[in-house]
Amino acid sequence: MSLMTRLRQQLKGIPVIILTARGTLQDRLCGLDAGADDYLVKPFVLAELLARVRALARRSYGFENEAIEIRSLSLHIPTRRVTVNARHVELTASEYALLETLMLRADRVITRRFLEERIFGAKENLSNALDVHMGNLRRKIGDGYVRTVRGVGDERPQDRNDALEAFSKALREGYGGGEDPELSINLIVRKNNEVIFSSDGAPTGIKNTRLGEMQRVQSEGHAWTSRTLKSPHSDVEVTLFTPAGSWNFFIYLNSRGYYIMPLLVCIPFLLFPAWLSIRIAMRPWSKVVNEISLRSPDDLSPLKAVPGHKELRQMVDAINDFLARVRESAERERVFIADAAHELRTPLAAMRINVEALQSWVSSESQRQLLAGIVRSNSRAARLVNQLLLLMHSEARIDTAMEPVPLTSLIQERMAALEPLASGRKIELEFFAEDEIWIAGVRERLMSLIDNLIENAVKYSPEGGRIQVEVRSADNSAQLRVSDRGPGIPVELRERVFDRFFRDPNQLQSGSGLGLAIVKAVAQQHGSSVNLSTSAEGGLLVTVDFPNRTYS
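One structure accompanies this document, and this report is about it. Not measured: the values here are computed from a predicted model.

Turning to the overall build of the chain, a few remarks are in order. Scanning the chain for helices and strands turns up 14 helices and 19 strands. When the 552 residues of the chain are sorted by exposure, 35% land in the buried category. Taking contacts inside the chain between residues at least 6 apart in sequence as the whole, the part at least 24 apart equals 56%.

The subject of this paragraph is a nonpolar patch on the surface. A grouping of L263, L264, I267, L270 and L271 is seen on the molecular surface, where their side chains present a nonpolar patch of about 460 Å² in accessible area. With respect to the element layout, L270 can be found in helix α8 (residues 248–293).

Turning to its location among the elements, N85 is positioned in the loop between β5 (81–84) and β6 (87–89). In sequence terms N85 and L73 are twelve residues apart; their C-alpha atoms lie 6.7 Å from each other. Within the structure, N85 has its side chain in polar contact with the side chain of S72 (distance 3.0 Å).

Let us look at the sheet that holds β5. Reading across the sheet, the four strands line up as β3-β4-β5-β6 and stay open at both edges, with antiparallel pairing between neighbours. Of all strands in the sheet, those with a lone pairing partner are β3 (67–70) and β6, marking the two edges. Direction aside, neighbouring strands of the sheet carry axes that sit 25° apart on average. Relative to β6, β5 is paired through three bridges, and the arrangement is antiparallel. Among the inter-strand pairings, V84 is bridged to a residue of β6, identified as R87.

Two strands pair when backbone bridges link them, and strand β7 (residues 186–191) and strand β8 (residues 194–198) are joined in this way by four bridges, in the antiparallel orientation. Across the sheet, the residue bridging to V189 is F197, located in β8. Here β7 folds back onto β8, and the loop between the two strands holds two residues, one of which, N192, carries a positive phi near 55°.

Relative placement of two packed helices is described by the angle separating their axes and the distance separating the axes. Contact pair helix α13 (residues 443–460) / helix α14 (residues 515–525): the axes reach a minimum separation of 9 Å and the direction vectors enclose 145°. Note that α13 runs across α14; the crossing there is left-handed. Of the residues in α14, those in contact with R445, L446, S448, L449, N452, L453 and N456 of α13 are G515, L516, I518, V519, V522, A523 and Q525. Split into classes, the residues belonging to the contact of α13 with α14 amount to eight nonpolar, five polar and one charged.

This part takes up the packing of helix α11 (residues 407–417) against α13. Direction vectors running N to C along α11 and α13 enclose 50°, while the axes themselves pass 10 Å from each other. Classified by the angle between their axes, α11 and α13 sit oblique to one another. The interaxial crossing formed by α11 with α13 has right-handed handedness. Contact with α11, carried on its side by L407, L410, I411, E413, R414 and M415, involves R443, L446, M447, I450, D451 and I454 of α13 and no other residues of that element. Split by residue class, the contact of α11 with α13 holds eight nonpolar, no polar and four charged.

This next bit is on unusual backbone geometry. Note that the residue after K42, namely P43, is joined by a cis bond; omega there is -10°. As for its placement among the helices and strands, P43 is situated in the loop between β2 (38–41) and α3 (46–59). Phi is positive for N85, close to 55°, though the residue is something other than glycine. Under the relative-accessibility criterion, N85 is labelled exposed at 59%. The phi torsion at K426 lies on the positive side, around 55°, for a residue other than glycine. Tracing the sequence through the fold places K426 in the loop between α12 (419–423) and β13 (428–433).

What counts and what doesn't
- Per-chain numbering applies: the sequence of each chain, read as written, is numbered from 1 onward.
- Only residues with pLDDT of at least 70 are given local features in this predicted model, and only at 80 or more are side-chain atom pairs given and counted; all residues enter the totals for whole chains, interfaces and linings.
- Think of the side-chain values as coming from all heavy atoms in the structure, minus any hydrogens and water.
- A helix here means a DSSP run of H or I that spans at least four residues, while a strand means a run of E at least two residues long, and both kinds are numbered starting from the N terminus.
- Only protein chains enter the accessibility calculation, which uses a 1.4 Å probe; a residue whose area is less than 20% of its type maximum is buried, one above 50% is exposed, and one in between is partly exposed.
- When checking whether two residues touch, look at their non-hydrogen atoms; a contact exists if any pair is within 4.5 Å.
- Grouping into patches uses exposed residues only, defined as over 30% relative accessible area, and leaves out salt-bridged ones; the cut-off is 9 Å for like charges and 5 Å for nonpolar side chains (Val, Leu, Ile, Met, Phe, Trp, Tyr).
- Here the open area of atoms and residues is found with the Shrake-Rupley method and a 1.4 Å probe, where only the protein chains shown may cover a residue.
- Put simply, a salt bridge is a Lys or Arg side-chain nitrogen that is within 4 Å of an Asp or Glu carboxyl oxygen.
- Polar contact criterion, stated in full: a pair of N or O atoms within 3.5 Å, where within protein one must be able to donate a hydrogen and the other to accept it, and residues adjacent in sequence count only if both atoms are side-chain atoms.
- A pair of strands counts as paired when DSSP detects no fewer than two bridges linking them.
- For helices, the fitted axis covers only the stretch in contact; all axes are lines through C-alpha atoms, and the angles between them, taken along N-to-C directions, range from 0 to 180 degrees.
- In this scheme the handedness of a crossing depends on how the near helix is turned from the far one: anticlockwise by less than a right angle means left-handed, clockwise means right-handed.
- Side-chain classes follow a simple rule in which Ala, Val, Leu, Ile, Met, Phe, Trp, Tyr, Cys and Pro form the nonpolar group, Asp, Glu, Lys and Arg form the charged group, and the remainder, Gly included, forms the polar group.
- Any angle from 65 to 115 degrees is called roughly perpendicular, while one under 35 is roughly parallel, one over 145 is roughly antiparallel, and all others are oblique.

Worth remembering: the numbers are spatial, not functional.
Structure (structure tokens):
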């Protein structure tokens, strides 16, 4: 700050900008109080610094205590006050900067480009901003102070042509087509629709119809690709023409061949090592991917692949930690549901016994109907609890080894056990099988699969209907098919009915929505698939494919 004070004592009229890394409020206040005109903290953008320098340059011309007067127009720089015939004129910041620039250079012609740079800085696409401000300024201060002189202030024609000629030569050397205009790039510059420069042999007789876009044009039997750009500040247009023939590629090779040819030669020697390196590097990843892709949805055990790479080992450890958390969460949910369902069985059974005992003591018909409704509700609740237990057991992992199970005999046994349920609704059960078929599985879980399929078929079939159960064998598989004459399941809902507690919204029969979820869980544990389709009678056809067939 002492340096700033001495500088102000010796050079009072010099504008000063402080560039520093000290950016606290106290530092900025001290710098400005010491005499600085502006204060900029590092790091800063160069464009901002240049804008601040231009702003100081516009304000600092050494007229700290003076006014500029031209006839009755007066501009007082320290106060930025403008008067015409002693009348104060309100100007915007851009209008004041424009008037100050013109009055400080009242003895010379100022070009449009100079005014735009001084007023607006290094901006592009200003369009007619200068014209708008100039019009407003003339309207406020009156006519006779600013005069427009056209055609003055441009470059000298010879210097301009020399510069364009050098530019055209550089373009042709870079393009590589030589001096032949039919094989090289051509430059044409127009001003006010008149050609002021053109490369030797350039097709000056053609123009682009769309500015800024690539166009294909024809001239004297030659095809060209051209593009025209127009200056937003003047009527100057620049057009580039390049040959549109198929030899463009060879021209490029001729001019840039020393870059391209070594690369083309080295490509075969680079591709194979790169491919081999990627294959070797991706081999540990492939092992992990293969192990994950071969897993069943309910297999949440840790990954067995232990890669040697540190980065991949961290990813595998993170996956194993995630699987452990998911496994613990699923196990807690399964245990909770199983415990809750198990605890509900006893009070439901006790409630049923008490209600049935109470029925023998009730003489009123309305009371008997009320108690009968309670018994039916108790039956539905007991069935829901039993299905929840079955579902939890079905979704649990199979810890015991699978053993050969006689599928045909097991189906016959379960159909005999469910015969009273079907007889109560006068439904006929039919079974078709060629011989005894054995599959690998867990007998208790296969029983829950068969029971749920047949119970659902009995439940949704009309009274007096028929249910067909069929077992088919193939080379290495067995197929169980259960069909009924019920309402079936719409095609769009056949994937969702396997979700827990989901039921067809249009279904009138009561239910829990767990039967098919149990069937799918058991089928997945046995590596089987379950498909739903329409039966020949218009009802539902459930097909279970057991892929690993065994023989006793």
